[in-house]
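What follows is the residue order along each chain.
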Amino acid sequence: MSEQMIFFATLVGKKLVKMKVKPYIPDFKLAFEHFCIHVRGRAVLDELEKNLQLSDWHMEPSRMTLHRFSNTSSSSLWLACTEAKGRIKKGDRTWQIAFGSGFKCNSAVWKALRDFVHMCCGGVVHANFFMIWDLVWD
């Protein structure tokens, strides 16, 4: 059964039948190959890893960005992706997740137009880094 069907069945069971079930959290690893998570702090990364059931492999770029650059602003979110060590290949989808103050959260899905080559020299990301991405609208 698809993730969407399981989510819908759980929602119907909870709302219409008044079943006491925990909300279903989809397996986002089936939809995305990579996760570009806003580096707010270790506690935020730990909770996202636990609740989204991500592996150390998925969390490594964000954790290394936190280690190297500390808490970053949302404008520097792409630092996590530059730490991906050449893992991103043409066609891969990356879920970009950013957090604001309070309960604010925003996300986007990006699709790689070509293989990612580590283009960071001396902490400066080259302009053509952004030419490998396409925002997914569907």
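Residues numbered from 1 in each chain as written. Predicted model: local features only at pLDDT ≥ 70, side-chain atom pairs only at ≥ 80, totals over all residues. Heavy atoms only, no water.

**What about the packing of helix H2 (residues 42-51) against helix H3 (residues 56-69)?**
Link 1 in the chain: With their axes 11 Å apart at the nearest point, H2 and H3 run at an angle of 170° to one another. As judged from the angle between their axes, H2 and H3 are roughly antiparallel. Residues Arg42, Leu45, Asp46 and Glu49 of H2 form the contact with H3, whose participating residues are Asp56, Met59, Ser62, Arg63 and Leu66.
Link 2 in the chain: Of the residues belonging to the contact of H2 with H3, the class tally is 3 nonpolar, 1 polar and 5 charged. (Axes fitted to C-alpha atoms, helices over the stretch in contact; angles between N-to-C directions. Helix = DSSP H or I, 4+ residues; strand = E, 2+ residues; numbered from the N terminus. Parallel < 35°, antiparallel > 145°, perpendicular 65-115°, else oblique. Contact = heavy atoms within 4.5 Å. Nonpolar A, V, L, I, M, F, W, Y, C, P; charged D, E, K, R; others polar.)

**Here we look at the packing of aromatic side chains**
Each aromatic ring pair is described using two quantities: the centre-to-centre distance and the angle formed by the ring planes.
Link 1 in the chain: On inspection of all chains with the given rule, the structure shows 4 aromatic pairs.
Link 2 in the chain: A centroid spacing of 5.1 Å and a plane angle of 25° characterise the contact between Phe32 and Trp95, whose relative ring orientation is stacked. Of the two residues, Phe32 is situated in the loop between helix H1 (3-15) and strand E1 (34-37) and Trp95 in strand E2 (residues 93-99); the sequence distance between them amounts to 63 residues.
Link 3 in the chain: Taken together, Phe28, Phe32, Phe35 and Trp95 form an aromatic cluster joined through their ring pairs. (Phe/Tyr/Trp six-rings, centres within 6.5 Å; stacked < 30°, edge-to-face > 60°.)

**A look at the pattern of salt bridges**
Link 1 in the chain: Following the criterion strictly, the structure yields 7 salt bridges and no others.
Link 2 in the chain: Between Asp46 and Arg63 there is a salt bridge; the shortest N-O distance is 2.8 Å. You can see Asp46 sitting in helix H2 and its partner Arg63 sitting in helix H3, a full 17 residues away along the chain.
Link 3 in the chain: By relative accessible area, Asp46 is classed as partly exposed at 30%.
Link 4 in the chain: Arg87 is the salt-bridge partner of Glu60, the closest N and O atoms lying 2.2 Å from each other. Of this pair, Glu60 sits in helix H3 while Arg87 sits in the loop between helix H4 (78-82) and E2, and the two are 27 residues apart along the sequence. (Salt bridge = Lys/Arg side-chain N within 4 Å of Asp/Glu carboxyl O. Buried < 20%, exposed > 50% of the residue type's maximum accessible area, 1.4 Å probe, protein only.)

**Considering the confidence of the model for the protein chain**
Link 1 in the chain: Predicted confidence across the protein chain gives a mean pLDDT of 76, with 72% of residues reaching 70 or more.
Link 2 in the chain: Low pLDDT, under 50, characterises residues 121-128; the stretch is placed with 7 contacts to residues that sit more than four places away or in other chains. (pLDDT = per-residue confidence, 0-100.)

**Brief notes about the nonpolar core**
Link 1 in the chain: If you look at the biggest cluster of nonpolar residues, it comprises 13 residues, and the most contacted ones within it are Phe35, Ile37, Leu54 and Trp95.
Link 2 in the chain: Among the elements of the structure, E1, H2, H3 and E2 are those that each provide at least two residues to this core.
Link 3 in the chain: No other element matches E2, which puts 3 residues into this core. (Core = buried A, V, L, I, M, F, W, Y, C linked by side-chain atoms within 4.5 Å.)

**Considerations on the pairing of strand E3 (residues 105-112)**
Link 1 in the chain: Pairing of E2 with E3 involves 7 bridges; the strand directions are antiparallel. Residue pairing in the sheet places Arg93 in a bridge with Lys111 of E3.
Link 2 in the chain: Hairpin connection between E2 and E3: a loop of 5 residues separates the two successive antiparallel strands, and Gly102 in this loop has a positive phi of roughly 70°. (Pairing = 2+ DSSP bridges.)

**Observations concerning H2**
Link 1 in the chain: All of the buried residues along H2 are Leu45, Leu48 and Glu49. Each buried residue of H2 lies within a common arc of 100° when the element is viewed along its axis, so the set occupies one face. Turned more than 90 degrees away from the buried face of H2 sit Ala43 and Lys50, all of them exposed.
Link 2 in the chain: Taken together, the buried residues of H2 touch E1, H3 and E2.
Link 3 in the chain: Looking one or two places after H2, you find Gln53, whose phi comes out positive at around 55°. (Arc of directions from axis to C-beta.)

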